[in-house]
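Residue-level listing of the chains:
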Amino acid sequence: MSRPELTGPAAHFYNEKEARKYDSSSRMVGVQREITERAIELLRLDHSQPAYVLDIGCGSGLSGQVLEEKGHFWLGCDVSRDMLLVAQERMHNQAENDDDDDDDDESMDGDSNHNIKKQRKSTGDLMHHDMGTGLPFRPATFDACISISALQWLCYSNSAQQNPRRRLTRFFSSLYTVLKRGGRAVLQFYPETAEQAVLITECATRVGFAGGVVVDYPNSAKAKKHYLVLSFDRNSEQKRKAALKDGLSSAAEEQQSVLVTGASREGTKKAPIRKKKGVKTKEWIVHKKETQRKKGKAVRPDTKYTARRRPTKF
Amino acid sequence: MRLLTHNYLQSNVKGTEEGYPLGIVPETVEIEKSPVDRELLLSILPKLNYDAVHQAVAQLRLHCSTLPKLPSTLPENISNDENLVNDLYFVLFDVHVKNGCLVCPATQRKFPIKDGIPNMILHEDEI
């Protein structure tokens with residue numbers, strides 16, 4: 001299955017036809033809804049208080065609808081105008097179905113009925129914007145941020161000016177500013193490779209966020225979902241305030257190093273110790289036996305005869 | 001585009017000093033009345049920049065004079081003033097600027113609004 005990110009910019013891929021297809025596929029709607037519910041769960045929002053949530057790459061408004069059902073209001077931004085127009089239609093239809101009870105609107109799934117607070121006209125709003133250029137909001141605007149299946153688009157450059165790392169850093173540093181302190185961001189994305197996941201996480205932590213990646217269904221290639229969960233580290237806030245008090249500029253902030261843990265990290269492989277001539281030395285043999293033991297293979301114990309030069313050729 | 005959204009939008013064009021608040025030049029404004037959610041309004045009130053709301057409403061009134069007039073400063077115990085609460089909710093949630101543009105106060109750069117969606121996409125040299 002080829003990735004849509006490889007075909008070109010998101011705005012070109014999500015044209016009118018693709019946008020309609022995306023929104024009308026019930027399987028797609030179901031999957032996106034599930035991902036959104038999980039992301040909202042990871043956000044740990046207080047559902048008794050309406051929160052202002054930023055939806056990055058909101059697309060056709062599927063995730064925004066789930067947010068509204070939980071009682072929050074949102075602002076969605078997307079780079080594809082066609083997707084946004086579909087979102088508008090969806091919000092408009094939702095408002096129309098608001099008044100009648102016996103509707104067959106696809107949003108009334110059986111499992112979400114008990115979650116729906118009073119259905120009212122949509123409290124979401126839309127914006128046409130490219131996330132890689134920074135978010136145009138004043139500081140501490142949003143209580144939380146959510147993003148479903150959008151972040152990986154930043155990793156592909158579509159022109160000479162676009163540098164993925166620069167776009168990611170720009171995005172995350174602006175996200176840091178527009179989120180209120182104590183807020184949280186959960187961004188679900190599809191990394192093509194482990195390096196991409198590391199790149200994204202690195203750019204996020206370098207701007208000051210705390211957090212990491214939650215991987216659901218890690219053993220299934222198809223069902224695997226990556227959620228980048230970001231929050232504000234209380235300790236770093238105090239350090240930052242202390243640094244500012246001492247008159248240091250914000251550029252002197254400590255760089256947080258990235259801690260990428262996980263089974264995929266390459267084991268501590270050291271280069272085998274070899275003599276220059278390439279002859280198998282005792283150190284090399286002993287090291288090799290140790291490696292094999294670690295793998296769990298049956299290995300003879302090391303004795304005084306290990307790596308002894310044999311009198312005759314084997 | 002709602003006025004609630006407008007209250008938080010600013011221009012982040014490279015080198016802009018004070019890109020907030022954006023001026024509104026409306027061409028089409030639509031009203032979609034919805035039931036007032038009092039608790040929602042009272043919860044967002046502390047974070048709103050009231051001056052920007054007031055200025056935005058004043059700019060929209062030039063186009064659509066049926067909009068309510070808001071006081072120039074917020075009174076202290078606003079939760080007692082039902083009319084003001086209703087007016088504020090109406091102005092923030094029910095008024096949609098469908099077509100027009102947003103203007104940066106510092107650089108006069110125009111951000112067009114089409115079909116209710118503001119276009120904040122920056123040009124190559126503004127990033």
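Nothing here was measured: the structure is a model prediction, and the numbers come from that model. (Residues numbered from 1 in each chain as written. Chains lettered and ligands numbered in written order. Predicted model: local features only at pLDDT ≥ 70, side-chain atom pairs only at ≥ 80, totals over all residues. Heavy atoms only, no water.)

## Details of the packing of helix α6 (residues 164–178) of chain A against helix α7 (residues 194–206) of chain A
Residue and element names in this part refer to chain A.
- One way to put it is that α6 packs onto α7 with a least axis distance of 9 Å and a crossing angle of 45°. On the basis of the axis angle, α6 is oblique to α7. Two packed elements cross with a definite hand, and for α6 against α7 that hand is right-handed. Of α7, the residues touching α6 (which contributes R165, L168, T169 and F172) are L199, I200, E202, C203, A204 and R206.
- Residues of the contact of α6 with α7, tallied by class, amount to six nonpolar, one polar and three charged. (Axes fitted to C-alpha atoms, helices over the stretch in contact; angles between N-to-C directions. Helix = DSSP H or I, 4+ residues; strand = E, 2+ residues; numbered from the N terminus. Parallel < 35°, antiparallel > 145°, perpendicular 65-115°, else oblique. Left-handed = near helix turned anticlockwise from the far one by under 90°. Contact = heavy atoms within 4.5 Å. Nonpolar A, V, L, I, M, F, W, Y, C, P; charged D, E, K, R; others polar.)

## Topic: the side chain of B:R109
All names here are of chain B.
- Tracing the sequence through the fold places R109 in the loop between β2 (95–103) and β3 (110–114).
- Classification of R109 by relative accessible area gives buried; the value is 14%.
- When near neighbours in sequence (up to four residues on either side) are disregarded, R109 contacts V13, L102, V103, C104, I121, L122, H123 and E126. (Buried < 20%, exposed > 50% of the residue type's maximum accessible area, 1.4 Å probe, protein only.)

## Remarks on the interface of chain B and chain A
- Contacts between chain B and chain A engage 33 residues on the former and 32 residues on the latter.
- In terms of surface lost to chain A, no three residues of chain B exceed B:Y8, B:K47 and B:I117, which account for 22% of the buried area on that side.
- Where chain B packs against chain A, one counts one salt bridge.
- A salt bridge links B:K47 to A:D143, with the shortest nitrogen-to-oxygen separation between them at 3.0 Å.
- At the surface where chain B touches chain A, the tally comes to 20 residue pairs in polar contact (both at pLDDT 80 or more). (Buried area = accessible area lost by both parts, 1.4 Å probe. Salt bridge = Lys/Arg side-chain N within 4 Å of Asp/Glu carboxyl O. Polar contact = N/O pair within 3.5 Å; in protein donor to acceptor, adjacent residues only side chain to side chain.)

## Brief notes about the sheet that holds strand β6 (residues 209–216) of chain A
Residues and elements named next belong to chain A.
- Strand order in the open sheet made by the seven strands is β3-β2-β1-β4-β5-β7-β6, with mixed pairing throughout. Taken across any chain shown, the strands that pair with only one partner, and hence form the sheet edges, are β3 (124–128) and β6. Taken over all neighbouring pairs, the strand axes of this sheet differ in orientation by 15° on average, direction set aside.
- Where helix α5 (residues 81–97) meets the sheet, its contacts fall on β2 (73–78) and β3, and the angle it forms with β3 comes to roughly 165°. (Pairing = 2+ DSSP bridges.)

## Quick look at the confidence of the model for chain A
All names here are of chain A.
- Counting all residues, the mean pLDDT for chain A is 81, and 78% of those residues have values of 70 or more.
- Within chain A, helix α8 (residues 234–245) has the poorest average pLDDT of any element, 64, and strand β1 (residues 52–56) the best, 95.
- Ignoring residues within four places in sequence, the model shows residues 101–119, a span with pLDDT below 50, making 28 contacts including any to other chains.
- Across residues 249–257, where pLDDT falls below 50, the model places seven contacts with residues more than four positions away in sequence or in other chains. (pLDDT = per-residue confidence, 0-100.)

## Comments concerning the pattern of salt bridges
Residues and elements named next belong to chain A.
- Scanning all chains against the criterion turns up 20 salt bridges over all chains.
- For E5, the salt bridge goes to R3, with nearest N and O atoms at 3.1 Å. Comparing E5 with R3 shows no difference in burial state: the two are buried.
- With a shortest N-O distance of 3.1 Å, R165 and E202 are connected by a salt bridge.

## Regarding the nonpolar core
- Core analysis: the largest hydrophobic core is formed by 76 residues, its most contacted members being A:F137, A:L151, A:F171, A:F172, A:L175 and B:L92.
- Contact partners of A:F171, with chain neighbours within four places excluded, come to A:I56, A:M131, A:L135, A:L151, A:L154 and A:L187.
- Core analysis: the next-biggest nonpolar cluster, separate from the first, contains 23 residues, A:I40, A:L45, A:W74 and A:V186 among them. (Core = buried A, V, L, I, M, F, W, Y, C linked by side-chain atoms within 4.5 Å.)

## Here we look at a positive patch on the surface
All names here are of chain A.
- Residues K280, K288, K295 and K297 make up a contiguous surface patch of positive charge.
- Mapped onto the elements, K297 comes out in the segment after α9 (282–295).
- By relative accessible area, which is 47% here, K297 ends up partly exposed. (Patch = residues over 30% accessible without salt bridge, like charges linked within 9 Å, V, L, I, M, F, W, Y side chains within 5 Å. Areas by Shrake-Rupley, 256 points an atom, 1.4 Å probe, with all protein chains shown as cover. Lys, Arg positive; Asp, Glu negative; His and termini not counted. Charge placed at Lys NZ, Arg CZ, Asp CG, Glu CD.)

## Digging into helix α2 (residues 16–24) of chain A
All names here are of chain A.
- Turning to α2, its buried residues number three or more, namely E18, A19, Y22 and D23. The buried side chains of α2 occupy one side of the element, clustering within an arc of 125° when seen end-on. Along α2, exposed side chains directed more than 90 degrees from the buried face belong to E16, K17 and S24.
- Those residues of α2 that are buried lie in contact with α1 (10–13), α3 (26–43), α4 (62–69) and α5. (Arc of directions from axis to C-beta.)

## A short note on helix α3 (residues 50–61) of chain B
All names here are of chain B.
- With twelve residues, α3 should reach 16 Å at 1.5 Å per residue; the first-to-last C-alpha distance of 16 Å fits that figure.
- Listed as buried for α3 are Y50, A52, V53, A56, V57 and L60. For α3, the angular spread of buried residues about the axis comes to 155°, placing them on one side. (Expected span 1.5 Å × (residues − 1).)

## Overview of the packing of aromatic side chains
Residue and element names in this part refer to chain A.
- Counting across every chain of the model gives 14 aromatic pairs over all chains.
- Ring centres 4.9 Å apart and planes at 45° place the aromatic pair Y52 and F142 in the tilted group. Taken as a pair, Y52 in strand β1 and F142 in strand β4 (residues 142–148) lie far apart in primary sequence, 90 residues in all. Both residues of the pair, Y52 and F142, belong to the buried class.
- When the ring of Y176 is compared with that of F209, the centres are 5.1 Å apart and the planes differ by 65°; the resulting orientation is edge-to-face. (Phe/Tyr/Trp six-rings, centres within 6.5 Å; stacked < 30°, edge-to-face > 60°.)

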